Amino acid sequence: MGGVLKDGEWVSEESFANEEGRYDRQPSQFRGWLTADGAPGPDGQEGFKAEADRYHLYVSYACPWAHRTLILRALKGIEEMLPISVTHWLMRDQGWTFHEGPGVIPDPMGHETLHGIYQHADPKVNGKATVPVLWDKKTERIVNNESSEIIRMLTRAFDGLGAKPLDTYPDALRSEIDEVNERVYHTVNNGVYKAGFAEKQKVYEEEVEKLFSSLRWLEDRLEGEDYLVGNTLTEADIRLLTTLLRFDAVYYGHFKCNVTRIADMPNLHRYMLGLARMPEVAGTIHLDHIKGHYYGSHRSINPTGIVPVGPELDFGSAPLPDAGNA
Ligand SMILES: N[C@@H](CCC(=O)N[C@@H](CS)C(=O)NCC(=O)O)C(=O)O
């Protein structure tokens, strides 16, 4: 269940797969860039000047793509400069909403749904209403809704305003990071969705094969290593981590990615726990939202919406923050 915006109208949708039984992720619609001085982004994207309390980040704690941006925000220590709203974990016929629930932080503009924010930005908007959304309060527009780009701009944009000095996309490592990202994106981050939403046996099996061949490749690559690239924390780690954190609790069962668990791959498991237990990261992990979202929202693959009790996992996560102290 979910929906899509067509010329600004919200239309509910039943299935996640196309006619070939394949899951197709649509490109994100808003691609502006935050820069220190408002200059255009690295590829000439429309620039927005980084300013404290000018922007707002809409996320779901359940979503692995939005989770990337929460991790960057915590690692850079920019929580006060960049406040957040958190959706309810259930995504049904209205898509993401701000209905009341533990951990939900409503929209300060008062929209009850995330698609309301897309419609506010552009009354003729087309496409999915996805999280994350980086919103500009000044122009009342969406700066960007592509997580890979939001994390890349957050690593530098606020440095002149007191962000912590951490560069997750250092010049010297870019080509290696890009290479790892490319494989991890297609076969792992999006790979679990392509397996889980497949509506043909053959499509499912192909995607599972690609996924586990990449996980084995990562397992080898992490032998004796704490990070994927350059022995330092980069965006390649953050992008992989948010999928790993959901794997044993959700993708293994709900998306039928059950060849092995992450807990059975010693290097990946050690690597995942090492990153997850960093205090900044631990505070962003909310397994209740994660499990509640997938098992409760995708009724085509889990018709009862029952959320499994296990597995027992210990990421050292913090309790859910309430609206006042997120
Ligand atoms: N390419 C986007 C993908 C974001 C995305 O697909 N988010 C999902 C949640 S995990 C979503 O909001 N889906 C809404 C929908 O399908 O209607 C990104 O990385 O930012």
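- The name given to the chain in an unreviewed UniProt entry is Putative glutathione S-transferase, with the source organism recorded as Parvularcula dongshanensis.

1. Details of the overall build of the chain
Then, number 1: Secondary structure assignment for the chain yields 10 helices and eight strands.
Then, number 2: The C-alpha atoms of the chain give 19 Å as radius of gyration, which agrees with the globular expectation for 326 residues (20 Å, within 12%).
Then, number 3: Projected onto the principal axes, the alpha-carbon positions of the chain cover approximately 50 × 45 × 35 Å.
Then, number 4: By the burial criterion, 42% of the 326 residues in the chain qualify as buried.

2. Digging into the domain arrangement of the chain
Then, number 1: On domain assignment, one finds that the chain holds domain 1 (2-161) and domain 2 (171-290).
Then, number 2: Using only C-alpha atoms to locate each centre, domain 1 and domain 2 end up separated by 22 Å.
Then, number 3: Put simply, the parts of the chain that give the side of domain 1 that touches domain 2 at least two residues each are helix 1 (64-75) and helix 3 (147-157).
Then, number 4: Among the elements that take part in the side of domain 1 that touches domain 2, helix 1 stands out by supplying eight residues, more than any other.

3. Examining the pairing of strand 2 (residues 9-13)
Then, number 1: For strand 2, the buried fraction is low: zero of the five residues fall into the buried class.
Then, number 2: With five bridges joining them, strand 1 (residues 2-6) and strand 2 adopt antiparallel strand pairing. Residue pairing across strands places K6 opposite E9, the latter belonging to strand 2.
Then, number 3: Linking strand 1 back to strand 2 in an antiparallel pair, the connection comprises two residues, with D7 at a positive phi of about 50°.

4. Looking at the UniProt feature "active site" (unreviewed entry) in the chain
Then, number 1: Sequence positions flagged by UniProt for "active site" (unreviewed entry) are, in local numbering, C63 and Y193. Despite a sequence span of 131 residues, these residues sit close together in the fold, their greatest C-alpha distance being 11.8 Å.
Then, number 2: Relative to the assigned elements, C63 resides in the loop between strand 5 (55-59) and helix 1.
Then, number 3: By the secondary structure assignment, Y193 is in helix 5 (residues 191-196).
Then, number 4: Look at Y193 and you get partly exposed, because 17 C-beta atoms sit within 10 Å.

5. A look at unusual backbone geometry
Then, number 1: The step from V131 to P132 runs through a cis peptide bond, and the omega angle for that step is 0°.
Then, number 2: The omega torsion of the bond from G310 to P311 falls at -5°, within 30 degrees of zero and hence cis.
Then, number 3: Among the secondary structure elements, P311 is positioned in the segment after helix 10 (287-297).
Then, number 4: Although it is not a glycine, D7 sits at a positive phi angle of roughly 50°.
Then, number 5: By the secondary structure assignment, D7 is in the loop between strand 1 and strand 2.

6. Side note on the sheet that holds strand 7 (residues 133-136)
Then, number 1: Strand order in this open sheet of four strands is 6-5-7-8, and the pairing throughout is mixed. Two strands lie at the open edges of the sheet, namely strand 6 (84-86) and strand 8 (141-144), each paired on one side alone. Taken over all neighbouring pairs, the strand axes of this sheet differ in orientation by 30° on average, direction set aside.
Then, number 2: In this structure, strand 5 lies alongside strand 6, joined through three bridges in parallel fashion. Of the residues in strand 6, the one forming a bridge with L57 is I84.

7. Considerations on the UniProt feature "binding site: glutathione" (unreviewed entry) in the chain
Then, number 1: In the numbering used here, UniProt assigns the feature "binding site: glutathione" (unreviewed entry) to W96, K128, A129, T130, V131, E146 and S147.
Then, number 2: Here W96 is to be found in the loop between strand 6 and helix 2 (114-121).
Then, number 3: Judged by local crowding, W96 falls into the buried class, with 30 C-beta atoms found within 10 Å.
Then, number 4: Contacts of W96, omitting those with residues within four sequence positions, involve S60, T87, M91, T113, L114, A129 and V131.
Then, number 5: The contacts of A129, once residues within four sequence positions are left out, are L5, G95, W96, L114, H115 and Y118.

Rules behind the numbers
Residues numbered from 1 in each chain as written. Predicted model: local features only at pLDDT ≥ 70, side-chain atom pairs only at ≥ 80, totals over all residues. Helix = DSSP H or I, 4+ residues; strand = E, 2+ residues; numbered from the N terminus. Rg over C-alpha atoms; globule rule 2.2 N^0.38 Å. Buried ≥ 20, exposed ≤ 12 C-beta atoms within 10 Å, placed from the backbone. Domains from an automatic or database assignment. Pairing = 2+ DSSP bridges. UniProt positions renumbered as here; feature names shortened; annotations may be inferred. Axes fitted to C-alpha atoms, helices over the stretch in contact; angles between N-to-C directions. Contact = placed C-beta atoms within 7 Å.

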